[in-house]
Amino acid sequence: VPEVDSKVPVNGEDFPPSQVSYELGLWLMKNDSSKEPQIKGYGNLKAEYLTADGVNSWSFYPFGSNVNSVNRLYVMKNRAINVYAYHPWVASADDLTAIQFASGEVDWMIAEPLILDESDTRNDIVAPLAFKHLMTCIQVDIRCLYKGSIKVTSMTLNDKKGRLIPSGTFDCTKS
């Protein structure tokens, strides 16, 4: 008898502890712009979030660098900024309103947009990102009740409501 359980690697809004960093895409944009980053190189900025052994740490890769990471980002003082984030990071994304995705083995998540005005950037900024699921992967566990082995050669998932989407784009500016 198969035992079917639908579950997600990321429950709720919090990323569970992992020895492997979560790769996120960050867009630090000029106020009211989906095209122009506040600082050149801050569009689709790769960020890695590690939460393991009671420690949370961030690494950022500004200006497209995949080698030299920093643990802090600097933005223009006394200037409005909009912060958008998503998971997992897509290196080829060049438009935050049309990020390509393909369904598979990852949970696609998006953060609530964070809109900061000039007064918010006078001092250091703490920017809490509240993520929500866009799509969730489904895992099916099968358990044998008798000795021996089984081989699953195919599986079909029917979507009577038409909500399964194999691929497409999503908009980081929408919450």
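The structure we're discussing is the one just above.
What you see is a predicted model, and the numbers here were worked out from it, not measured in a lab.

S.K.: Is there a simple way to think about the overall build of the chain in this case?
M.R.: Helices and strands together make up the secondary structure of the chain, namely zero helices and nine strands. Each helix (α) and strand (β) of the chain, taken in turn from the N terminus, gives the series β-β-β-β-β-β-β-β-β. Here the chain, with 175 residues, has 31% of them falling under the buried criterion. Contacts in the chain between residues at least 24 apart in sequence constitute 66% of all its contacts with a sequence separation of at least 6. Within the structure as shown, the chain displays about 11700 Å² of accessible surface, and the carbon and sulfur contribution to it stands at 49%.

S.K.: What should I look at first to understand the packing of aromatic side chains in this one?
M.R.: Both the distance between ring centres and the angle between the ring planes are used here to describe each pair of aromatic rings. In this structure the tally under the stated criterion is nine aromatic pairs. Between Phe15 and Tyr49, the aromatic rings sit 6.3 Å apart at their centres with planes inclined by 65 degrees, giving edge-to-face as the arrangement. Of this pair, Phe15 sits in the segment before β1 (22-30) while Tyr49 sits in strand β2 (residues 45-52), and the two are 34 residues apart along the sequence. Side by side, Phe15 and Tyr49 carry an identical accessibility label, which is buried. Taking the centre distance of 5.9 Å and the plane angle of 65 degrees together, the rings of Tyr86 and Phe170 count as edge-to-face.

S.K.: Please explain the nonpolar core as it appears in this structure.
M.R.: Note that soluble globular proteins tend to have their nonpolar side chains buried in a common cluster. Phe15, Leu26, Leu28, Leu73 and Phe131 are the most contacted members of the largest nonpolar core, which has 19 residues in total. Counting residues per element, the ones that place at least two in this core are β1, β2, β4 (81-87), β6 (108-111) and β7 (114-116). The element contributing the most residues to this core is β1, with four residues. Membership of the second largest hydrophobic core comes to 14 residues, among which are Met29, Val90, Ala93 and Trp108.

S.K.: Looking at this structure, how should I read the environment of Gly25?
M.R.: The residue Gly25 is located in strand β1 in this model. Along the primary structure Gly25 and Ala85 are separated by 60 residues, whereas in three dimensions their C-alpha atoms are 5.4 Å apart. With near-sequence residues (within four places) excluded, Gly25 lies in contact with Asn44, Leu45, Tyr84, Ala85, Tyr86 and Trp89.

S.K.: Explain the pattern of salt bridges here, please?
M.R.: Where charged atoms from two side chains of opposite charge come close, those side chains can pair. Evaluated as defined, the whole model comprises five salt bridges. The residue Arg72 makes a salt bridge to Asp124 at a minimum N-O spacing of 2.8 Å. On the criterion of sequence distance, the pair formed by Arg72 in the loop between β3 (55-61) and β4 and Asp124 in the loop between β7 and β8 (131-135) is long-range, its members being 52 residues apart. Classification of Asp124 by relative accessible area gives exposed; the value is 64%. Linked through salt bridges whose partners overlap, the residues forming this network are Glu23, Lys46 and Glu48.

S.K.: Hey, could you run me through unusual backbone geometry in this one?
M.R.: For residues that are not glycine, phi is negative in most cases, and the peptide bond is trans in most cases. Backbone torsion omega between His87 and Pro88 reads -5 degrees, so that peptide bond is classified as cis. Among the secondary structure elements, Pro88 is positioned in the loop between β4 and β5 (99-102). In this structure, Asp32 is a non-glycine residue whose phi angle is positive, near 60 degrees. Phi angles above zero are rare outside glycine, and Asn44 is one such case at about 50 degrees. A residue is classified by how much of its surface remains accessible, and Asn44, at 8% relative accessible area, is buried.

Conventions and cut-offs
Residues numbered from 1 in each chain as written. Predicted model: local features only at pLDDT ≥ 70, side-chain atom pairs only at ≥ 80, totals over all residues. Heavy atoms only, no water. Helix = DSSP H or I, 4+ residues; strand = E, 2+ residues; numbered from the N terminus. Buried < 20%, exposed > 50% of the residue type's maximum accessible area, 1.4 Å probe, protein only. Contact = heavy atoms within 4.5 Å. Areas by Shrake-Rupley, 256 points an atom, 1.4 Å probe, with all protein chains shown as cover. Phe/Tyr/Trp six-rings, centres within 6.5 Å; stacked < 30°, edge-to-face > 60°. Core = buried A, V, L, I, M, F, W, Y, C linked by side-chain atoms within 4.5 Å. Salt bridge = Lys/Arg side-chain N within 4 Å of Asp/Glu carboxyl O.

By themselves these figures say nothing about function.
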